[in-house]
Amino acid sequence: MTTLTIVLTGACGGIGRALAVAFANAGHNLVLVGRSPDALAALREGLVRPRSHRYLVADLSSAAAITELCTDIADGPPIDVLVNNAGVSSFGLFVETDDALVEHMLQLNVLAPMRLCKGLMPLLLKSQNAALINIGSGFGSIGYAGFTAYCASKFGLRGFTEALQRELANEKIAIHYLAPRAVNTAMNSDKVVAMNAELGNTADEPEVVAAAALAMLRLNKSSNRYLGWPERFFVRLNALFPTVVSGALKKQLGAILRHAKSV
Ligand SMILES: NC(=O)c1ccc[n+]([C@@H]2O[C@H](COP(=O)([O-])OP(=O)(O)OC[C@H]3O[C@@H](n4cnc5c(N)ncnc54)[C@H](OP(=O)(O)O)[C@@H]3O)[C@@H](O)[C@H]2O)c1
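Summary of the structure given here. (Residues numbered from 1 in each chain as written. Predicted model: local features only at pLDDT ≥ 70, side-chain atom pairs only at ≥ 80, totals over all residues. Heavy atoms only, no water.)

## A word on the overall build of the protein
When its secondary structure is counted, the protein shows 10 helices and 7 strands. In terms of overall size, the protein behaves like a compact globule, its C-alpha atoms giving a radius of gyration of 18 Å where 263 residues would be expected to give roughly 18 Å. C-alpha extents for the protein along the principal axes are approximately 55 × 40 × 30 Å. Taken over 263 residues, the protein has a buried fraction of 47%. The contacts in the protein between residues at least 6 apart in sequence include a share of 67% that link residues at least 24 apart. Each charge class in the protein can be summarised by its mean position, and for the 24 positive and 20 negative side chains these summaries are 8 Å apart. (Helix = DSSP H or I, 4+ residues; strand = E, 2+ residues; numbered from the N terminus. Rg over C-alpha atoms; globule rule 2.2 N^0.38 Å. Buried < 20%, exposed > 50% of the residue type's maximum accessible area, 1.4 Å probe, protein only. Contact = heavy atoms within 4.5 Å. Lys, Arg positive; Asp, Glu negative; His and termini not counted. Charge placed at Lys NZ, Arg CZ, Asp CG, Glu CD.)

## A short note on the sheet that holds strand β1 (residues 5-8)
The parallel open sheet is built from 7 strands, whose spatial order is β3-β2-β1-β4-β5-β6-β7. Of all strands in the sheet, those with a lone pairing partner are β3 (54-57) and β7 (223-226), marking the two edges. Strand-to-strand, the axes of this sheet are offset by a mean angle of 15 degrees, without reference to chain direction. Here strand β4 (residues 81-84) runs beside strand β5 (residues 130-135); their pairing, made up of 4 bridges, is parallel. Bridge assignment links N84 to a residue of β5, and that residue is N134. Across the sheet, helix α7 (residues 206-217) lies against β1, β4, β5, β6 (173-179) and β7, angled at about 160 degrees from β6, the strand it touches most. (Pairing = 2+ DSSP bridges. Axes fitted to C-alpha atoms, helices over the stretch in contact; angles between N-to-C directions.)

## A few points about the side chain of S137
Among the structural elements, S137 can be located in the loop between β5 and α5 (148-167). For S137, a relative accessible area of 8% translates into the label buried. Of the polar contacts made by the side chain of S137, one reaches the backbone nitrogen of F139; its length is 2.9 Å. Contact partners of S137, with chain neighbours within four places excluded, come to Y150, K154, Y177, L178, A179 and P180. (Polar contact = N/O pair within 3.5 Å; in protein donor to acceptor, adjacent residues only side chain to side chain.)

## Describing the nonpolar core
Residues F23, L32, V83 and L178 are the most contacted members of the largest nonpolar core, which totals 32 residues. Mapped onto this core, the elements with two or more residues apiece are β1, α1 (14-25), β2 (29-34), α2 (37-46), β4, β5, β6 and α7. Not counting residues within four places of it along the chain, the set of residues in contact with F23 comprises I6, H28, L30, V83, A213, L214 and L217. One finds L60, A86, A130 and L157 within the second-largest nonpolar core, a separate group that totals 29 residues. (Core = buried A, V, L, I, M, F, W, Y, C linked by side-chain atoms within 4.5 Å.)

On their own, these measurements won't tell you what the molecule is for.
So, in structure tokens, the structure goes:
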């Protein structure tokens, strides 16, 4: 496989670390993006061929910081791939969710990937192996009680990705949407873990997501992948027969509300 230079946001998070390890082990070079220089340096030192990777510090909730990040990347070696992985979630009742948190979630989960795509697209399109992977979620296709603002952000990211796939269909870039189901990372609070356990929702290890992302890099055309069974089936069912899924989820509502209210 060709050696690629991959820009990876949220590199120090649960899924980000697994992505970094999988990409580095596959021989790729990384531009690790995160907020903590110490965590980024430690991550880089733990990867194979640490000198082949570099890191850049940026708070992606700031448009100015994203512009600066794109300039720093443009000043460095050519890049082939952007992986928009950084994200935040929140679990609770929508009417009780702080407005600032809703705004932050939309900034980070939708606007930041859009801004990064726009800023880095001219660089990506110079590559013969250009690819973009947006890390979405099953909640980008299924509206789920307790995750209303997060769902809005991931639905937005999925819509953006689908439109961009179609807009750039004549360009030499593969645009992928990768939607994990629940994953065992710090993103999921104790309340979410308890709710998933009660409802029997399976959570994957981050390495499952990393393996799927690595497989996407081997494709030379755009793709969409939803991880997990029966979650993948429910994504399709919700698109065709949303009322059927609403009926099934209503049976879970009591448990969801109990956990969501226990703030
Ligand atoms: N965990 C799940 O159940 C699950 C399921 C489906 C989809 N996903 C998606 O997978 C992606 C990664 O999630 P995760 O589970 O790995 O979460 P995580 O462990 O909480 O990591 C989140 C990452 O996002 C970065 N981030 C947060 N705020 C940021 C900001 N303002 N600027 C720059 N970076 C920021 C964090 O950077 P720092 O290192 O600087 O804190 C961290 O690396 C997210 O897009 C999430 O929506 C997760």
